[in-house]
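# Structural overview
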Amino acid sequence: MSDKAYNVAIAGATGAVGGAMLDVLTRRDFPIKELRLLASERSVGKKLQFRGQDIEVQLLSEDAFTDIDVALFSAGATRSLDFAPAAAKAGAVVVDNSSAYRMDPEIPLVVPEVNGDAISQYTNRGIIANPNCSTIQMMVALKPILDKVGIKRIVVSTYQAVSGSGASAIAELQQQAEDYAAGKEMTSSVYPHQILFNCLPHIDSFLENGYTKEEMKMVNETRKIFADDSIGVTATTVRVPVFYGHSESVNIETNSKITAAEVRDLLADAPGVKLVDDPTNNKYPLATDCAGDFATLVGRVREDESIANGINMWVVSDNILKGAALNAVQIAEAFVAKYK
């Protein structure tokens, strides 16, 4: 990374991902000269701590990005569409965590360990898109295999934490647990059904093809990140009663044969991956172990005996960190290191 220091803005600073961005910037010692925290009117004046200092939240507006070098957005798609172009026009490079720009052909969609070179396309519009959380962790796990033997098809089932739906979903799961323990009737408002003791095969709205938007995000984003529309991808995304950490069962068909042992060797040295694969001693990736960890945990690596060139694996990651805040900061790091 460059020895310079940069003016950084966080749009949506008071949200869960915004708070995680503050933490990641601290933990990774990102070189900051000025940090500008931006949010909606109801949060203006609130103070957040960063490196021992209280920083007052300012209003997210088109005029808020003067002299900003990097703007990290996690304020939702609507606000990204409203304000990201203004930030880019003011001279900032925007790293957007929403779905607003992910499939825009002019906007790079980046996982730094996978397609970091795509950051160079920021010159198109001044915006870089952060992929969907469930897509990111799968890309990190599959990239070494893609490079080695190629991938023909991906079948993924996700088991996603309620934190992916925001603070209200965390509160709903907590309240249902408390109501159950007290013998009270449980109610649901965030989800259409009770989430406690349940699995909901329903994340985002359903589409005409029978898939949900979340499932099609994984299909389309995978092909864009891997720059290969020929890869077959099918997904089933499920919400589970876990607070933090998305888990995924990933099955791939490779272009040529690779053994489970060879996959483990690749993953053991892969950037962003932590191999946790000792099932005889009950060691495999767990959602309870990934919270706060920057790495994507991969285990249960085994050959799919139903096809000639198949591999199964279990992939777990902190959806607020690598699935959002960490990936955004890593994009910012790569940007300033090479282009600023």
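Just above sits the structure.
Let me begin by describing the structure that accompanies this report. Computed from a predicted model, the values in this text were never measured in an experiment.

### Concerning the sheet that holds strand E8 (residues 127-129)
Taken together, six strands build an open sheet; the order of strands is E5-E2-E1-E6-E7-E8 and the sheet is parallel. Either end of the sheet is taken by a strand with one partner, and the two such strands are strand E5 (58-59) and E8. In terms of strand pairing, strand E7 (residues 93-96) meets E8 through three bridges, oriented parallel. Bridging across to E8, Val 94 finds its partner in Ile 127.

### Observations concerning the packing of aromatic side chains
Across all of its chains, the model carries seven aromatic pairs by this definition. Each ring, one from Phe 65 and one from Phe 73, has its centre 5.6 Å from the other, and the planes form 20°; the classification is stacked. The burial state of Phe 65 is the same as that of Phe 73; both residues are buried. Geometrically, the ring pair formed by Tyr 180 and Phe 197 is edge-to-face, given 4.9 Å between the ring centres and 75° between the ring planes. Highlighted residues: Tyr 180 in helix H5 (residues 167-181) and Phe 197 in the loop between H5 and helix H6 (213-226), separated in sequence by 17 residues. Members of the aromatic cluster, joined through ring pairs, are Tyr 122, Phe 335 and Tyr 339. Over the aromatic face of Phe 294 sits the side chain of Arg 27, whose NZ or CZ is 4.0 Å from the ring centroid.

### Focus on the pairing of strand E3 (residues 47-50)
Each regular strand displays side chains that alternate between the two surfaces of the sheet. Residues Leu 48 and Phe 50 of E3 are buried on one face, while the alternating residues Lys 47 and Gln 49, pointing to the opposite face, are not. The sheet contact formed by E3 and strand E4 (residues 53-56) spans four bridges and is antiparallel. Within E4, the residue paired with Phe 50 across the bridge is Gln 53. From the end of E3 to the start of E4, which pair antiparallel, there are two residues, and Arg 51 there has a positive phi angle of about 50°.

### Focus: the layout of surface pockets
Its volume calculated, the largest pocket comes out at about 970 Å³. Around the largest pocket sit 39 residues that line it, and Val 17, Ser 74, Gly 76, Asn 97 and Gly 164 are the ones nearest its centre. By residue number, the principal contributor to the lining of the largest pocket is helix H1 (residues 16-27), which donates three residues. When grouped by side-chain class, the residues that make up the lining of the largest pocket number twelve nonpolar, 20 polar and seven charged.

### Structural notes on the side chain of Arg 36
Residue placement: Arg 36 occurs in strand E2 (residues 32-39). The contacts of Arg 36, once residues within four sequence positions are left out, are Val 8, Ala 9, Ile 10, Gln 58, Ala 64, Phe 65, Thr 66 and Ile 68.

### Some words on the packing of helix H4 (residues 133-149) against H6
Between H4 and H6, the shortest axis-to-axis distance is 10 Å and the interhelical angle comes to 40°. By the angle between their axes, H4 is oblique relative to H6. Our pair here, H4 against H6, has a crossing hand that is right-handed. Contacts from Ser 134, Thr 135, Met 138, Met 139, Leu 142, Lys 143 and Leu 146 in H4 reach Glu 214, Lys 217, Met 218, Glu 221, Thr 222, Ile 225 and Phe 226 in H6.

### Describing the sheet that holds strand E13 (residues 296-303)
Reading across the sheet, the six strands line up as E10-E9-E11-E14-E13-E12 and stay open at both edges, with mixed pairing between neighbours. Only two strands of the sheet have a single neighbouring strand rather than two, namely strand E10 (232-239) and strand E12 (273-275). Pairs of neighbouring strands in the sheet enclose a mean axial angle of 25°, with direction left out of account. Pairing of E13 with strand E14 (residues 310-317), which is carried by five bridges, proceeds in the antiparallel orientation. Bridge pairing in E14 links Val 298 to Val 315. This element, H6, spans strand E9 (151-160), E10 and strand E11 (246-254) of the sheet and lies at about 145° to E10.

### So, the pairing of E11
Burial analysis of E11 places seven of its nine residues in the buried class, which makes it a mostly covered element. Strand direction decides the pairing type here: E9 and E11, joined by eight bridges, are antiparallel. Counterpart to Arg 153 in the pairing with E11 is Glu 253. Where E11 meets E14, eight bridges bridge the pair, whose relative direction is antiparallel.

About the cut-offs
- Residues numbered from 1 in each chain as written.
- Predicted model: local features only at pLDDT ≥ 70, side-chain atom pairs only at ≥ 80, totals over all residues.
- Heavy atoms only, no water.
- Pairing = 2+ DSSP bridges.
- Helix = DSSP H or I, 4+ residues; strand = E, 2+ residues; numbered from the N terminus.
- Phe/Tyr/Trp six-rings, centres within 6.5 Å; stacked < 30°, edge-to-face > 60°.
- Buried < 20%, exposed > 50% of the residue type's maximum accessible area, 1.4 Å probe, protein only.
- Lys NZ or Arg CZ within 6 Å of the ring centre and 35° of its normal.
- 1 Å grid on protein atoms, 1.4 Å probe; cavity = no way out; pocket = protein on both sides within 12 Å on 5 of 7 lines; lining within 4 Å.
- Points joined across faces, edges and corners; volume = space filled by probe spheres on them.
- Nonpolar A, V, L, I, M, F, W, Y, C, P; charged D, E, K, R; others polar.
- Contact = heavy atoms within 4.5 Å.
- Axes fitted to C-alpha atoms, helices over the stretch in contact; angles between N-to-C directions.
- Parallel < 35°, antiparallel > 145°, perpendicular 65-115°, else oblique.
- Left-handed = near helix turned anticlockwise from the far one by under 90°.

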